[in-house]
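# Fold and contact review
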Amino acid sequence: MKLNRKWINEEFVDLSQVSDKEFVETMTIAGQKVETYERLDAEIKNVVVGKVVSIVRHQNSDHMWICQVDVGKEEPVQIVTGAQNVHEGDLVPAALHNSWLPGGVHITKGKLRGEKSNGMLCSLKELNLTLNDFPYAIEDGIWILQEDCKPGDDINTVIGNDDTVVDFEITNNRPDCYSIIGLAREAAAAFNKPMRHHEPVVYGSDAGSMYDKLDVEVPAEKLCNRYSARMVTNVKIGPSPKWLRQRLRANGVRPINNIVDITNYVMLEYGQPMHAFDYRYVSSGKIVVRESVEGESITTLDGVVRPLTPGMLVIADGEKPIGLAGIMGGENSEIVEDTTTVVFESANFNGTSIRQTALALGLRTEASGKFEKNLDPMLTIPAVERACELVELLNCGDVLDGTIDVVNFVPQPKTLELEPERINRLLGTEISEADMVEYLRRLEIPVEGRTIHVPSWRPDLNLMADIAEEVGRLYGYNAIPTTAFRGAATQGGYSPEMQLETQAGALCRALGYSEIITYSFVSPEIFDRIRIPSDSPLRRTLKIQNPLGEDTSVMRTVALPSMLDILARNSAYHNKSAKLYELAKVYLPREGQTLPEEPRMLVLGTYGAGETFFTLKGELEAVLAGLRVKKPVYTAVKDNPTYHPGRCARITVDGVDVGFMGQLHPLAAQNYGLDVEVYCCEVNFTELLGLRLPEPTYTPLPKYPAVSRDLALVCGEALTVAQVESCMEEAAGKLLRNIQLFDIYRGKGVPEGKKSMAFSLVFRADDRTLTDADSEAAVSRVLAALEEKLGATLR
């Protein structure tokens, strides 16, 4: 919301002695944050009013003139111009030597075809002005001033640039501050200055009554809280006076004509959007506020034909829509030069309806932006009265008697209790009750005894805490003493899951992996790309209601495709190898529940020279060991369609299946444009939290020596190392401390279809030195169990 300081100084609260810096700092501390502020005269320097004393033709040019210009100094200055509309006696803007114009244009003295020129005469465009700002000027040529000024006057003062515009960041719960009056009220309270209010006065005329000419119906009662209207006849369309044009321009609004400018002026002043209809285009003399129907369309003031969908709120006459309620008027009721009778509309529409319509049509205006904030319905009458007052002030029409006011909703009076003790406890202050009442009075919030009467324009005041905020910001947040926290102190920290995530990331990076972070919303096509069956429960996803596109329309139930996307991108960029990891959330819908289950998955992905199934397995085991997860078991799997049927394993920890690892299926790799062997693993990281070993305890170094035995076993090709080790651990008992595979052999001396696996077993006791009998007994139990359960025999 923009605010030009001259407007509030002249009309509402005199802060002319307050510097810009003090103003923005005080307003920010008082709760109205200032985004930026700028002086309107910052870009125009050393440009003054000049009077053309004499003008003669340039001897070396057929189109240039040599002007002697009085700029308020002892002697006139000579300026050469090529403009053909300058005459003796004209007042013109003169940019003198070493002057600056908008856009950083620097003017210095020089020579034009041999004649000295000590500056430049300026057009509207060179001063960043248009015909809307000064309608009497001409577009192509020097601006001949018709203002009340004299030679030597600063042109910034003449055009109204001697002003500061402050841009506020207004929160949506303060719709009252989307107006000059609202911000002036805040400024008066912040600086403890009296606020000058103005009650609109409309004298009327003998032109008749509007009740004989206009009828208003509001069938869309729920979408239109209030609709107020007045009429003006004998309208004389023309430019607005300079003061009004300057205020509009300072606030970023382009002046158009007096009637349209009045509606924009009132919108800025009161924060209440208004619209003016040309009465001759209101068919049957009736305005109907209704919802649009199938097949309707409207051409808005910007000349665009906009098809309407049923349910959009429109302003219609007896036959057709003539305006989009709260957004923009229709071209078929626009105010034009020969308009003689206008209808002023001042209404309060449902903010949600206005926002939905503006969004659907791609047409967001300043009016719609204000209505979205749910304005005060009590504003409509003061605003339309102010518009009619301005009509009379500008002498641009006769106001008809009567006001049509259709009221469907009036906010109920709201009261709150003033609780000084609770407010002081909340703020940590010792503000007296009298001071609190005074702060609220400055904000124009009435207090009777301990009852606070909340104004209708303050919808944000609902609780004691809201009142405490009002008291605190006027008391001054800087003045609130610094105190220690009350109550028991708490200490923050990482949750066990967060600590495990941090540890897992460090372990992965230590193994040469780089972290990636991918989006949780993906395309439904990912399941086909990794060959997930059509009947898999993983295809049951949560759909996003307003996706950015089809490629980001569902929440992922599997994280592997996101990893493959990044691996494919690295491969496409000719990176010869890549090792990536991600701790990625997946979203698994739960039957009968709104919110999904959100486990976190540890995903590893790698390709390149030296990367094999066993390399990845070893790295995964290192990560799990570093996390103190119980020993995993790997089971060969051939029916997982995402992975190579001969190079895939299910990962099980303590009987719980936690994921898969292996080589990506060549067809899946082909779907991602990967022509190399890709190895991946997916582990349910959330499950690992409950599968960790107990906290380690101190164990002294062994006092007694160990005994090692090497066993070479002949077994079937299908037997895995994990099965053998598990059987050995179970049979050997507590004396077995370590098992290490050191050889696998196939060939001479080993029967066809068999293989030899060689293990080193380490035995140790904590209380004695083992004898040969102890170790032989353990080895015998191991060999017996291997032959009985697995069919493995000593080679």
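Residues numbered from 1 in each chain as written. Predicted model: local features only at pLDDT ≥ 70, side-chain atom pairs only at ≥ 80, totals over all residues. Heavy atoms only, no water.

### Concerning the pattern of salt bridges
Per the counting criterion, the structure on display carries 52 salt bridges. Across the salt bridge formed by glutamate 10 and arginine 247, the nearest N and O atoms sit 2.8 Å from each other. Pair noted here: glutamate 10 is in helix H1 (residues 5–11) and arginine 247 is in helix H5 (residues 242–250), with a separation of 237 residues, a long-range link. Note on glutamate 10: relative accessible area 47%, which makes it partly exposed. Its relative accessible area of 6% is what places arginine 247 among the buried residues. Residue glutamate 186 pairs with arginine 174 through a salt bridge whose shortest N-O separation is 2.9 Å. Taken together, the positions of glutamate 186 in helix H4 (residues 180–191) and arginine 174 in the loop between strand E11 (164–168) and H4 put the pair 12 residues apart, joining distant regions of the chain. Judged by relative accessible area, glutamate 186 falls into the buried class, the value being 4%. Shared partners join several salt bridges into a network, and the residues in it are Arg174, Asp176, Glu186, Arg458, Asp460, Glu470 and Arg473. (Salt bridge = Lys/Arg side-chain N within 4 Å of Asp/Glu carboxyl O. Helix = DSSP H or I, 4+ residues; strand = E, 2+ residues; numbered from the N terminus. Buried < 20%, exposed > 50% of the residue type's maximum accessible area, 1.4 Å probe, protein only.)

### A short note on the pairing of strand E4 (residues 65–70)
A regular strand places its side chains on the two faces of the sheet in alternate fashion. Taken together, the six bridges between strand E3 (residues 45–57) and E4 define a ladder with antiparallel strand orientation. The partner of arginine 57 across the bridge, within E4, is tryptophan 65. Bridging between E4 and strand E5 (residues 77–81) involves five bridges; their strand directions are antiparallel. Paired with valine 69 across the strands is valine 77, a residue of E5. Two successive antiparallel strands, E4 and E5, enclose a turn made up of six residues, where glycine 72 displays a positive phi of approximately 85 degrees. (Pairing = 2+ DSSP bridges.)

Any functional reading would require information that these geometric values do not contain.
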